[in-house]
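# What the coordinates show
Now for the letters of each chain:
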There are 2 protein chains.
Amino acid sequence: MGRRNKSKFAILGLLSTEPMSGYDIKRAAEASIGYFWQEGYSSIYPNLKKLLSEGLVSNKVEAQTPGPDRIVYSLTEKGWEELKAWLMLEPEPEPVRNELLLKLFFGEHLDAKHQIRYLEKARVANEIRLKSLQSIVARLKSELPDQSGLPYWLITLKFGIHTRTALDAWFEETINDLKTVVKGSGSKPFTKFVLKAADGGKNVE
Amino acid sequence: MGRRNKSKFAILGLLSTEPMSGYDIKRAAEASIGYFWQEGYSSIYPNLKKLLSEGLVSNKVEAQTPGPDRIVYSLTEKGWEELKAWLMLEPEPEPVRNELLLKLFFGEHLDAKHQIRYLEKARVANEIRLKSLQSIVARLKSELPDQSGLPYWLITLKFGIHTRTALDAWFEETINDLKTVVKGSGSKPFTKFVLKAADGGKNVE
DNA sequence: GGACCCATGTAAAGGGTTACATGATTCA
DNA sequence: TGAATCATGTAACCCTTTACATGGGTCC
């Protein structure tokens with residue numbers, strides 16, 4: 001059962017930090033959990049209604065002298081309980097789909113220059129993200145040293161830093177490999193090789 | 001437009017290595033691209049029909065003396081062209097959703113023992129995968145040194161090895177952090193902090 | 001006899017993304 | 001005047017996942 005609605009809990013989590021409107025939630029999501037969790041308006045607004053009908057959040061209309069009305073949502077007691085209960089559950093391993101790897105895996109049919117082009121682009125994007133994560137860590141530590149959430153925010157940021165650093169090394173290695181690739185003459189498929197093996201990389205969960 | 005059907009190309013790619021039945025495709029997918037791309041029967045069989053009607057694959061019924069008939073699919077010339085054209089396109093950055101990180105980000109509301117429990121489990125699973133990838137690399141190099149696909153298979157395997165090694169370090173660090181976590185007294189939300197900042201980690205694509 | 005593998009599918013449900021839709025305010 | 005931001009939503013589509021369904025063969 002991996003089809004459960006997790007957006008609901010992302011929204012509850014964000015509302016647990018402070019009351020917000022749907023619009024705020026979108027912006028807060030981008031700014032905080034954005035690099036590992038994305039939500040669009042079309043998931044936020046319907047979910048807020050659902051959460052309201054389940055009694056997990058309450059709302060209040062705030063009129064703004066200049067500008068449109070805002071509908072501000074807050075967590076209810078019940079909402080807090082649901083959130084905490086969910087946080088305790090072991091996360092389900094989510095199925096991964098990596099289009100870049102899929103294209104590289106079947107890359108022998110292609111002139112390597114195409115792959116090098118998009119790998120170099122992806123590498124630059126990765127480096128920018130990495131630097132941005134590092135600067136956020138530095139600023140958090142110096143500007144918000146006493147916040148109770150700090151250790152947890154740092155944990156998620158360090159996840160990004162660890163994996164993106166590793167990714168950068170892989171990009172460099174891979175681009176170099178592709179620049180000097182020498183193809184063998186055989187054409188046995190990988191699939192056969194692994195299938196024949198006792199248990200190459202099977203069902204290790 | 002991230003809604004395009006990529007399963008089709010995964011199937012074309014697998015069929016490019018050799019003709020297979022739907023059942024074979026499932027097994028071959030698990031054995032080769034399984035750790036970064038999953039396909040189920042309910043996506044394979046309908047897609048094979050679609051590919052057939054588009055003329056990208058052809059099929060042939062093979063009777064087996066013992067056992068049920070097999071419907072074996074092969075790439076057509078047109079299928080080859082479509083596959084190559086797709087391989088040249090720059091991969092779209094896919095939205096990431098990491099439930100583990102989501103739970104950790106809001107983890108301050110929780111007793112750390114829950115997180116430590118599932119982190120330790122996840123770490124073991126990660127280590128097993130890592131070792132399996134390393135052994136596949138070793139075996140490929142020694143047993144299939146001359147195959148033209150080898151450099152590309154190694155590239156995807158090394159991706160897994162790099163990122164999972166980094167992940168292992170992060171697991172260790174994180175579990176230690178959580179065992180000794182000392183919470184601050186403040187309760188400013190992270191979101192406000194980043195939103196106020198000029199451009200903490202925004203829209204870096 | 002029961003469990004498990006081979007082999008091929010269908011149906012329903014659910015979630016997420018894209019595109020569409022509206023309207024006010026602010027800034028250049 | 002036009003572009004961008006604030007603010008809230010709806011509708012349709014597509015894909016994926018889960019569950020259901022069938023039937024023969026093999027091994028213990």
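## Side note on the overall build of chain A
Of regular secondary structure, chain A possesses 8 helices and 2 strands. In sequence order, chain A lays out its α and β elements as α-α-α-β-β-α-α-α-α-α. Across the 205 residues of chain A, 51% fall into the buried class. Partitioning the intrachain contacts of chain A with sequence separation of at least 6 by distance along the chain shows that 59% fall at a separation of at least 24. Counting only carbon and sulfur atoms, one obtains 55% of the accessible surface of chain A, whose full area is about 10200 Å².

## Here's the deal with the packing of helix H1 (residues 7–17) of chain B against helix H2 (residues 22–32) of chain B
All names here are of chain B. In contact at an axis separation of 10 Å, H1 and H2 are set at 90 degrees when each is read in the N-to-C sense. Taken together, H1 and H2 sit at an angle that is classed as roughly perpendicular. Each of Ile 11, Leu 14 and Leu 15 in H1 lies in contact with H2, whose residues at this interface are Ile 25, Ala 28, Ala 29 and Ser 32. In the contact of H1 with H2, the residues fall into 6 nonpolar, 1 polar and no charged.

## Remarks on the relation of the copies chain B and chain A
Expressed as a screw operation, the relation of chain B to chain A combines 0.0 Å of axial shift with a rotation of 180 degrees, fitting to an RMSD of 0.0 Å. Here the copies are linked by what is in effect a two-fold axis.

## Focus on the environment of B:Gly149
Structurally, B:Gly149 can be placed in the loop between helix H6 (112–143) and helix H7 (150–179). Between the C-alpha atoms of B:Gly149 and B:Thr17, which are 132 residues apart in sequence, the distance is 9.8 Å.

## Here's the deal with the packing of helix H6 (residues 112–143) of chain A against helix H7 (residues 150–179) of chain A
Residues and elements named next belong to chain A. At a minimum axis separation of 9 Å, H6 and H7 run at an interaxial angle of 155 degrees. The pairing of H6 with H7 is recorded here as roughly antiparallel in orientation. Handedness of the crossing formed by H6 with H7: left-handed. Looking at the contact of H6 with H7, its residues break down into 19 nonpolar, 6 polar and 9 charged.

## Things to note about the layout of surface pockets
Residues and elements named next belong to chain B. Within this model, the second largest pocket holds a volume of roughly 180 Å³. Looking at the second largest pocket, it is lined by 11 residues, and the ones nearest its centre are Ser 21, Gly 22, Tyr 23, Tyr 45 and Ile 71. Of all the elements in the fold, those that place two or more residues in the lining of the second largest pocket are H2, helix H3 (41–53) and strand E2 (70–75). Here the lining of the second largest pocket is composed, by residue class, of 5 nonpolar, 3 polar and 3 charged.

## Here we look at the pattern of salt bridges
Throughout the structure, instances matching the rule amount to 33 salt bridges over all chains. Between A:Glu99 and A:Lys103 there is a salt bridge, with the nearest N and O atoms lying 2.8 Å from each other. With A:Glu99 and A:Lys103 both in helix H5 (residues 99–105), this residue pair falls 4 residues apart, about one helical turn. With respect to burial, A:Glu99 and A:Lys103 carry one shared label: buried. Residues B:Glu54 and B:Lys8 are paired through a salt bridge, measuring 3.2 Å at the closest nitrogen-oxygen approach. Pair noted here: B:Glu54 is in the loop between H3 and strand E1 (57–62) and B:Lys8 is in helix H1, with a separation of 46 residues, a long-range link. Using a relative accessible area of 27% as the deciding quantity, one classes B:Glu54 as partly exposed.

## Considerations on the confidence of the model for chain A
Fine structural detail should not be taken from predicted coordinates in areas where pLDDT scores are low. Residues and elements named next belong to chain A. Scored by pLDDT, chain A comes out at a mean of 87, with 88% of its residues at no less than 70. Put simply, helix H8 (residues 190–196) is where chain A has its lowest mean pLDDT, 62, and H7 is where it has its highest, 97. Taken as a whole, residues 196–205 scores under 50 in pLDDT and shows 12 contacts with residues more than four places along the chain or in a different chain.

## Here's the deal with the interface of chain B and chain A
With 99 residues of chain B at the contact, the number on the chain A side is 99 residues. Summing the contributions of chain B and of chain A, the shared interface buries around 10500 Å²; its carbon and sulfur component is 65%. Seen at the junction of chain B and chain A, the total is 10 salt bridges. For B:Glu99, the salt bridge goes to A:Lys6, with nearest N and O atoms at 2.9 Å. Where chain B meets chain A, there are 38 residue pairs in polar contact (both at pLDDT 80 or more). Looking at the side of chain B that touches chain A, the elements with two or more residues in it are H1, H2, helix H4 (77–88), helix H5 (99–105), H6, H7 and helix H8 (190–196) of chain B. Top element by residues in the side of chain B that touches chain A is H7(B). It accounts for 17 residues.

## Let's talk about the packing of aromatic side chains
Taken as a whole and judged by the stated rule, the model has 16 aromatic pairs over all chains. An angle of 10 degrees between the planes, with centres 6.0 Å apart, marks the rings of A:Tyr23 and A:Tyr41 as stacked. Pair noted here: A:Tyr23 is in helix H2 (residues 22–32) and A:Tyr41 is in helix H3 (residues 41–53), with a separation of 18 residues, a long-range link. Judged by relative accessible area, which is 48%, A:Tyr23 ranks as partly exposed. Between the aromatic rings of A:Tyr41 and A:Tyr45, the centroid separation amounts to 5.8 Å while the plane-to-plane angle is 25 degrees, which identifies the pairing as stacked. Here the residue A:Tyr41 and the residue A:Tyr45 both occupy positions in helix H3, the gap between them amounting to 4 residues, near one helical turn. Residue A:Tyr41 is classed as partly exposed on the basis of its relative accessible area of 33%. Put simply, the rings of A:Tyr35, A:Phe36, B:Phe105 and B:Phe106 pair up and form one aromatic cluster. The ring of B:Tyr41 carries the charged tip of B:Lys26 above its face, separated from the ring centre by 5.2 Å.

Rules and cut-offs
Residues numbered from 1 in each chain as written. Chains lettered and ligands numbered in written order. Predicted model: local features only at pLDDT ≥ 70, side-chain atom pairs only at ≥ 80, totals over all residues. Heavy atoms only, no water. Helix = DSSP H or I, 4+ residues; strand = E, 2+ residues; numbered from the N terminus. Buried < 20%, exposed > 50% of the residue type's maximum accessible area, 1.4 Å probe, protein only. Contact = heavy atoms within 4.5 Å. Areas by Shrake-Rupley, 256 points an atom, 1.4 Å probe, with all protein chains shown as cover. Axes fitted to C-alpha atoms, helices over the stretch in contact; angles between N-to-C directions. Parallel < 35°, antiparallel > 145°, perpendicular 65-115°, else oblique. Nonpolar A, V, L, I, M, F, W, Y, C, P; charged D, E, K, R; others polar. Least-squares fit on C-alpha atoms with pLDDT ≥ 70 in both. Left-handed = near helix turned anticlockwise from the far one by under 90°. 1 Å grid on protein atoms, 1.4 Å probe; cavity = no way out; pocket = protein on both sides within 12 Å on 5 of 7 lines; lining within 4 Å. Points joined across faces, edges and corners; volume = space filled by probe spheres on them. Salt bridge = Lys/Arg side-chain N within 4 Å of Asp/Glu carboxyl O. pLDDT = per-residue confidence, 0-100. Buried area = accessible area lost by both parts, 1.4 Å probe. Polar contact = N/O pair within 3.5 Å; in protein donor to acceptor, adjacent residues only side chain to side chain. Phe/Tyr/Trp six-rings, centres within 6.5 Å; stacked < 30°, edge-to-face > 60°. Lys NZ or Arg CZ within 6 Å of the ring centre and 35° of its normal.

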